[in-house]
Amino acid sequence: WVGNFVDYPNENGKPRRIPLATFEEYPPIKSSKGKLIPANEDDMQEIIYRWMKKRDELKAEKTIRPQDFNFGDLGCIHNLFDEYLETEDFKNLSKGKANSRLNQQKFWRNEIGSIKVLEINPGHVAEKRKILMSKFKASTTVDYLNALSSAFETMRRIWAEKGEQKIPLNPVIYRPTIQDQTDRILSEAELHLLIDAVEKVNKEFEMKGFDVWVLLGIVTGARKEEVSGLKWSEVDLKKGWVKFHRVKKGRSFRS
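The sections below set out a description of the structure shown in this document. (Residues numbered from 1 in each chain as written. Predicted model: local features only at pLDDT ≥ 70, side-chain atom pairs only at ≥ 80, totals over all residues. Heavy atoms only, no water.)

With their axes 10 Å apart at the nearest point, helix H2 (residues 77-84) and helix H6 (residues 138-162) run at an angle of 75 degrees to one another. Our classification of the angle between H2 and H6 gives roughly perpendicular. Residues Ile 77, Leu 80, Phe 81, Glu 83 and Tyr 84 of H2 form the contact with H6, whose own contacting residues are Ala 147, Leu 148, Ser 150, Ala 151, Phe 152, Thr 154, Met 155 and Trp 159. The residue inventory of the contact of H2 with H6, partitioned by class, reads 10 nonpolar, 2 polar and 1 charged. (Axes fitted to C-alpha atoms, helices over the stretch in contact; angles between N-to-C directions. Helix = DSSP H or I, 4+ residues; strand = E, 2+ residues; numbered from the N terminus. Parallel < 35°, antiparallel > 145°, perpendicular 65-115°, else oblique. Contact = heavy atoms within 4.5 Å. Nonpolar A, V, L, I, M, F, W, Y, C, P; charged D, E, K, R; others polar.)

For Asp 43, the position within the fold is in helix H1 (residues 41-64). As a C-alpha pair, Asp 43 and Glu 25 span 18 residues in sequence and 9.0 Å in three-dimensional space. What Asp 43 contacts, discounting residues up to four positions off in sequence, is Tyr 26 and Pro 38.

So, on to the packing of aromatic side chains. Following the criterion strictly, the structure yields 6 aromatic pairs and no others. With 5.1 Å between their ring centres and 80 degrees between their planes, Trp 1 and Phe 23 make a pair best called edge-to-face. Residue Trp 1 is located in the segment before strand E1 (2-9), and its partner Phe 23 is located in the loop between strand E2 (15-19) and strand E3 (28-30); the two are separated by 22 residues in the primary sequence. Residue Trp 1 is classed as buried on the basis of its relative accessible area of 16%. Residue Phe 23 is classed as partly exposed on the basis of its relative accessible area, which comes to 40%. Plain terms: the ring middles of Tyr 84 and Phe 90 are 5.6 Å apart, the flat faces sit at 65 degrees to each other, and that makes the pair edge-to-face. Using a relative accessible area of 3% as the deciding quantity, one classes Tyr 84 as buried. Three or more aromatic residues joined by ring pairs make a cluster, and in this case those are Phe 107, Trp 108, Phe 136 and Tyr 144. (Phe/Tyr/Trp six-rings, centres within 6.5 Å; stacked < 30°, edge-to-face > 60°. Buried < 20%, exposed > 50% of the residue type's maximum accessible area, 1.4 Å probe, protein only.)

Okay, structure coming up:
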């Protein structure tokens, strides 16, 4: 026997259905219209009593946690990303990180953007994860999954703070394992070939400073965005060091 509770909808917005008793406890019989009903009046009264008791319990729960019973429309994944872009979490990202997030969001918008926030599930993400893994290495796939997960977690926190809306679960529950890798260093012969190529580009295309830009990356191990973003205040030619502030792990280092 199952009770329907119209005033306390489930996450799909439909009446909540809760088991009240088994057929073994209260055997059913068929009515003249072919519907199952309790075999006698006492059984009917007991089931009605259980329904009323469960209704009172739900009423008390709704008073304490109203958001668990409020399933207003949160829109689709497109809307979630749009709201996320207006949050401080996104605005406080570095320029490089923000651009990466926007690029990764394009993939998710194209693939799952039209799915309702309250209807998306880990299966949707798992299907798209296969596409990512067929195109990219594991670390890049993880970056794409993190872009979706970060947006979800940020919006879940904001919705929770409002205390008005049932919060959907984060559908990103698995990320591929990234194997430990040792970066290969250029051999001396390869290094000379690279320097020769850089000098050739410098002369042929008159790219002033290109050789310094490349060599600085080789010597320090800095990324191109970090070298490009250097300011003179971060360079000391006399002491022979440069200081990078925009590093991937969010730390500064001097080289």
